[in-house]
Every structure is written in C-alpha cells, then in structure tokens.
Amino acid sequence: MEKKTAVYICSGCGIGDALDIEQLGKVARDEGSIPICRHHPNLCSQEGAGLIKKDIEEEAANALIIAACSHRVMYDVFDFENCIVDRVNLREQVAWCHKPGDENTQMMAEDYLRMSMAKVKNMELPEAYKPEAEISRDILVVGGGLTGMTSALAAAKAGYSVVLVEKAPELGGFQRNVKQIATFPYKAPQDNPLGDLIEAVTRHEKITAYTGASVEKTAGSPGLFDVTISQNGSTSKHRVGAVVVAAGWEPYDPKKLDAKLGFGTSPNVITNAIFEESFKEGHIARPSDGKDIVNAAFLQCAGQRDARHLPYCSTVCCTTALKQALRIKGQNPDANIFVVYKEMRTPGQAEDLYRKAQEAGVIFIRCQDPQVMANGGSLAVEAEDEMLGEVVLLDSLDLVVLATGMVPVTAFGKDIAKEEKEKKEKEKKEEEELEVPLDVIRRSNILNLEYRQGPELPALRYDFPDSHFICFPYESRRTGIYAAGCVRRPMGIGSSKEDAAGAVMKAIQCIELTSRGAAVHPRAGDLSFPEFAMQRCTQCKRCTVECPFGAINEDAEFNPLPQPTRCRRCGVCMGACPERIISFKNYSVAMIGAMIKAIEVPEEDEEKPRILVLACENDAYGALDMAGLHRMNYNPWVRVIPMRCLGSMNLVWIADSMSRGIDGVILLGCKHGDDYQCHFVKGSELADIRLSKVSETLDRLALESDRVRYETVSIIDYDRLPALLDEFAKKIDEIGPNPFKGW
Ligand code: SF4
Ligand code: SF4
C-alpha cells in the first residue's frame, strides 16, 4: 500500500494547555516529513472528524496519526475505512498525568509522536483471511441435557441449524430423574417442565438430534469443523461452524466420602442424586423396607468445600435439600425433617424456599462435622449444634440424605499432558526443554479433537474446562468451542439456561466473525493474522508449543501449519519465534523495534533517564489510562508501548532497548496461574518465563539485571501504578545511566 501519512493533533481536553502544539507539529513535519499536519481544538467533534475525512477524500491521506485521547475511547469516531489509523495518547497518558508546560511533559509527547510515525511506517492495512471452503453456519451441541437442549433451541430459534449429540438413549440428561424442580420464583417446588423442552427440541426442524451417540472425531477449525458422529455402529459426518459443549456433570462418588458420613453402612443412607432417581415416581419411602418416612436428616456439604474431596461449593445442594425436605413434608406434614448444614447457601430469591421450609416445620441445625451412626436397623446422626452449644442426637431416622456435589464430566479420563510429560521425561525429548507449562487435558471422549495439543478442552482448577468466569465466561482455549452449564461450573436450572443462551451467543458471534475473516473475542473484529516467512523457519516448534489456542499444527516435516480461523491474534507466537519470522500486517517485531528506536534518549549529563514500559493493552494500558483519568502524576521518564498481550513480547526488544541506551524496561502484564486474568490465558505467564532468561542477555551486555522488571497489574490497580513506576524509576536512578547511552 502506498501510504500518505497525515498527523492530526487535538488541543482539546487540556492537551493544548499542557503541550506546545506548534512544536509537536514541527516534529511531525520536520522529523517525520509528514505532508499533512493539522491541529484542531476538538478533533472528536463532527467538524474535527470532518477535517480528517476531507483529507482522505481530497488529499488521498490513508495513514492517519491521531494525537488526541487514548485508543480505548472514541474508536468509532476515528474509524476510517481502508485507512491505517494510529492513536497517540496525548490526553490520558501525557496531559492528564504530567506537569502542564513542563519540558519533560513536552519531550514525552514528542516521543510518542515519533513512536507513532515509526509504527505507521512499519505497518500495513490487514486483509481479512478468507478460507477457500465456505464457512458453515451450523452449530454442534454436545450434551442433550437441560443446558444442551436449551442451547440447541436458542440457536435454532435464531435461525442456525443445530446438530445435537447425546450419549444416553434419550434426551434429558440428569433432569430426567427429577420430579420437581426448585427454581424462580422459589415459592414452592414446581413440576419439572423438561418434557415440554424435549418435545420442542425434537420437533424443531432446524435441530438434528442424535441420541445414544458420541462424537468420534472433531477436526478442523472454527467455521470449518468436521465432526464425525457415531451412533449404533454407523457414522455420520457434519461440517459445523462452532461447538457448544454442554456435557454436564456426574455426582461425586459417595463411596469416597469419609466413613463418618455412613454411606454404605445402611441402605437408608443415600445421596441427594439417589433421592431424585429413587423417588422420581410415587411415594418417598424408606429404601430398606418401603415404609413411610417419619424422621429424616439431610446432611449438607458432604465432601464439599473440603480439600480432600471437592474443595468447591456445588451451589445447588442447599436449595435441593429444601426442595426434597418439602417433598417429604408435602407427603407427611408431621414428618420430622432436619437439615444439618455448615452454612445454608440460598442466595437471592431461593431464600423464599428456605422460609417456606421453616414454615413447614423443617428444623435447621448448624454443625460443621456431623456423624452418622448405623447399627443394624437403627440409624442416627450426632451433631454439635453451634446455635444451642450442645450435642444433639437425631435418632430413629428413616432416611439420611447426603448432599454430594457435582463433578464436571471433563474430570474423568486420563490426563494426557501428564502422560506425555512422563513419556518425554523418559525419552528426554527437546520439547521438555521448552519449559512451557503443561495443560490438564483428559482423554474423556467428549469431543475427540484432532488438535496437536490433545483431544479435549484444557481444564483449569478442579477439571472445569478453562474459562475466565468474569471476563470471558463460556470461552475455552479452543476457539469456536464454548462450554456451558455444569461442565463449566456447578449451577442450578436458572443459571444453566442463562449459560446455554450465553454460549450460543458466543458460538453465533464466532461464526459471523469468522465468516468475515475477523478474530473472535477478545480481539473481536481484528482482521490481522500471523504470517510466517517460512523460508527462515528452523522447525524449532516454539510457536506450535506456545500458542495458547492450538492454532498452529505442524506437518510431517515439523513445519508450522497455521490454522487462521483458530487464531486469536494474540501475537504469542510472534514473541516465541527465535527467528522473528512471524508477524502481522499491523503488529510485528520490526514495528515495535522501530518504535523503541524512535524514542529520543538524552545524553547522560542531561540526567533524564528513559524507561520503556511494555504494557498489556487489555489491563495494564487501561490502568495507565485510569491513572490519567484520576489525574494521578507519575514519573515522566516512562515511554509506554501497548502490547496485544505480554506474551507477544520478543526478547530482542529488551536487547534493542538496552543497546539504544534506555535505562530500564518494565513489563506490565496480567496475573497468571489458576486465577489468571491474562486475556490470552498463557501469554503473561510465557512472558514471565521468557524474561527469566533475559539475565543472560543483560550479562552479555554487562548490564544489571535489575534494569528489567516484570509486574502483574489489573485495571483496578491504577491507583498503585504511579507509585510502582516512580519506585522503578528511583531504582533505575540508583543503578545509574545505561553505559550504552550515546553509542
Ligand atoms: S499464538 Fe496467538 S497469534 Fe499466534 S497463532 Fe496462536 S492464537 Fe494466533
Ligand atoms: S517458532 Fe519460528 S522458527 Fe520455530 S517453528 Fe515456529 S516459525 Fe519456525
């Protein structure tokens, strides 16, 4: 693309009061030889944006540098079709957080303008990736329970054809066992409406349901998934655009519970799941002899919130106990029903059901450690009542119901990463040396993905498929595959329905964006994708191993085989490649390198150190904007470059910075680990691992390792950022100037 660059400087929002706008224009014209340079008191106004549009139309300007507010705001105003647009953040990160009229503030603004000019010079307009084959708009839903069926129906109603696969001979999942449900408005247990849902799904012309079936293989990528379904010994193939995994849960195995809870000591000690199955039809009776229930106890949190069993709360068991207690009361109002709980968790309107149970005479006993005592035909529970401060004995019990929790079906099967690791440890293969954290991926026969990284979705803590519960629920690390319902986290009926709708929305979004050649969440709409200069590839496998999303396979010769529709455009592969042969049209090692080189580094005697901040644009960059928004001041020596993800950081930038005379580099990324906040899941962790090797580079340059630091920040940490940057600047000052200054 032949570029004609134009610079537009806004003097509104306090920028004009803080900076010498004329001088900034001079930098653009004299240093950057920019043919068009204008300023305006309010660039985001109709008149301001009109000025830019006029230049596009009349002057053929097509590479636009807008020096005004942060790129995080006004993106729709400054979105010009078929033009490269770069935003110089003069407002939030210069004028609003540094001394107005100060020499250092002006130097900072000028540097940012230089960096933008270098950036624009090194970027091209991205072109959308269009696969040769036509993108499928069909959706595969795996799991025909409540969540799966709700997903299928929601997708079908939105006009998308659905292939629904259920492993059981009939649709319905666990809810088939349930007579009554406890859900909104929680006034009383309600009859289970599952039959209506099954009928609606079965009748819908856009839904093809396979029961007694499983997914034998899922190959391909978003828009182009090829699914093989096996049913009764025959197979059928479908091409789908996206997948919703609603494979559900299994009850925790009660045989694993502590002996004191008495499972197995009497047929009258059952679990909440067994209660539903046993008493779906007819009378609730004593399992041992079918006699009426006169005395019953429900023991909550059986093996839940307990590090030795399920460390989490399954969220539905307290409400389920209330429902089951009320069912017994409905049958025999004089029955003595006790609920022994650690804490009753009936959030929101479920509290009404709790009140209803109290009114019906259910007795609640708060106790942390009840003991079941079964002796011949007699059954009792001993519990230390925290309210009364004494031990109570609930004897002559006909039934004890243990509230066991939900385990995602993804928890079953063999951990293939562990298997692989053990195998590699034996073989001492090179991949072992890559030091990339291994994912938990089990061979659990849900999707049978044909991915280099393994056959199922990677899981985080407790084997729930990977997904960030705040920022990106439903997302998995396999683009286009979304988890919903109890396979994602324990939940009740209301939440499962919401989840079903949410996951389908994501699947539809994936199909629509993929068909336009654009990225899905979190860089939704991004048209760029990584390009590989394969002639220089050494087949080192770093990119294939480090891509957090399995978007790069490899061929028989170990050459990387990119799968562009799986790609999230994070740039982690670009940061990983030691040969620096992976780049995007608008994001590359060379581009960031040029930005670093554009920073003016004052001579040592000027005593103006320079600190490069590589900030993840998802949280850290936003936090810096927030600091500006709150008019918090911080050190003016810093120069910030936003990163798609810190995982895209290539170590060569650190070496470039140091050899340029930059005094310190600080990396601001998202938290990693089980409670990760990294939008690209592994990016910040990989950056941290790479950085651990930077000391070798610094040693080679005879520089102190304290010159480079890594910090994790989230957007809400904006108030600690100024102190953090000031403290780092102080440290750099103490270390002294970079000896490469002026070289
Ligand atoms: S690392 Fe990121 S940018 Fe590279 S292929 Fe994987 S998803 Fe795409
Ligand atoms: S990281 Fe670079 S050199 Fe290594 S396999 Fe990937 S593209 Fe090739």
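Structure: above.
Anyway, here's the lowdown on the structure attached to this text.

What counts, and where the lines are drawn
Residues numbered from 1 in each chain as written. Chains lettered and ligands numbered in written order. Predicted model: local features only at pLDDT ≥ 70, side-chain atom pairs only at ≥ 80, totals over all residues. Heavy atoms only, no water. Helix = DSSP H or I, 4+ residues; strand = E, 2+ residues; numbered from the N terminus. Buried < 20%, exposed > 50% of the residue type's maximum accessible area, 1.4 Å probe, protein only. Contact = heavy atoms within 4.5 Å. Polar contact = N/O pair within 3.5 Å; in protein donor to acceptor, adjacent residues only side chain to side chain. Axes fitted to C-alpha atoms, helices over the stretch in contact; angles between N-to-C directions. Parallel < 35°, antiparallel > 145°, perpendicular 65-115°, else oblique. Nonpolar A, V, L, I, M, F, W, Y, C, P; charged D, E, K, R; others polar. Near = heavy atom within 4 Å. Left-handed = near helix turned anticlockwise from the far one by under 90°.

**Details of the environment of N104**
Working step 1: If you trace the backbone, N104 turns up in helix α5 (residues 103–121).
Working step 2: Note on N104: relative accessible area 16%, which makes it buried.
Working step 3: Separated by 147 residues in sequence, N104 and P251 have C-alpha atoms that sit 63 Å apart.
Working step 4: Contacts of N104, omitting those with residues within four sequence positions, involve K608 and P636.
Working step 5: At 2.9 Å, the side chain of N104 and the side chain of K608 are in polar contact.

**Details of the packing of helix α16 (residues 620–629) against helix α20 (residues 721–735)**
Working step 1: Axis separation between α16 and α20 bottoms out at 10 Å; the angle between their running directions is 100 degrees. Comparing their axes, α20 and α16 come out roughly perpendicular. Facing A620, A623, L624 and A627 of α16, the residues of α20 in contact are L721, P722 and L725.
Working step 2: Considering only residue class, the contact of α16 with α20 consists of 7 nonpolar, no polar and no charged.

**Describing the site of ligand 1**
Working step 1: Among the 14 residues in the neighbourhood of ligand 1, the closest are listed as C547, C567, C570, G571 and C573.
Working step 2: Grouping the constituent residues of the shell around ligand 1 by class yields 11 nonpolar, 1 polar and 2 charged.

**Section: the site of ligand 2**
Working step 1: Taken together, 14 residues lie near ligand 2, and C537, C540, K541, C543 and C577 sit nearest.
Working step 2: Classifying every residue of the shell around ligand 2 gives 9 nonpolar, 2 polar and 3 charged.

**Structural notes on the packing of helix α6 (residues 146–157) against helix α12 (residues 493–515)**
Working step 1: Two numbers describe how α6 lies on α12: the axes approach to 8 Å, and their chain directions differ by 40 degrees. For the element pair α6 / α12, the angle class is oblique. Crossing geometry of α6 relative to α12 is assigned as right-handed. Seen from α6, the contacting residues are L146, T147, T150, S151, A154 and A155; seen from α12, they are I493, S496, K497, A500 and V504.

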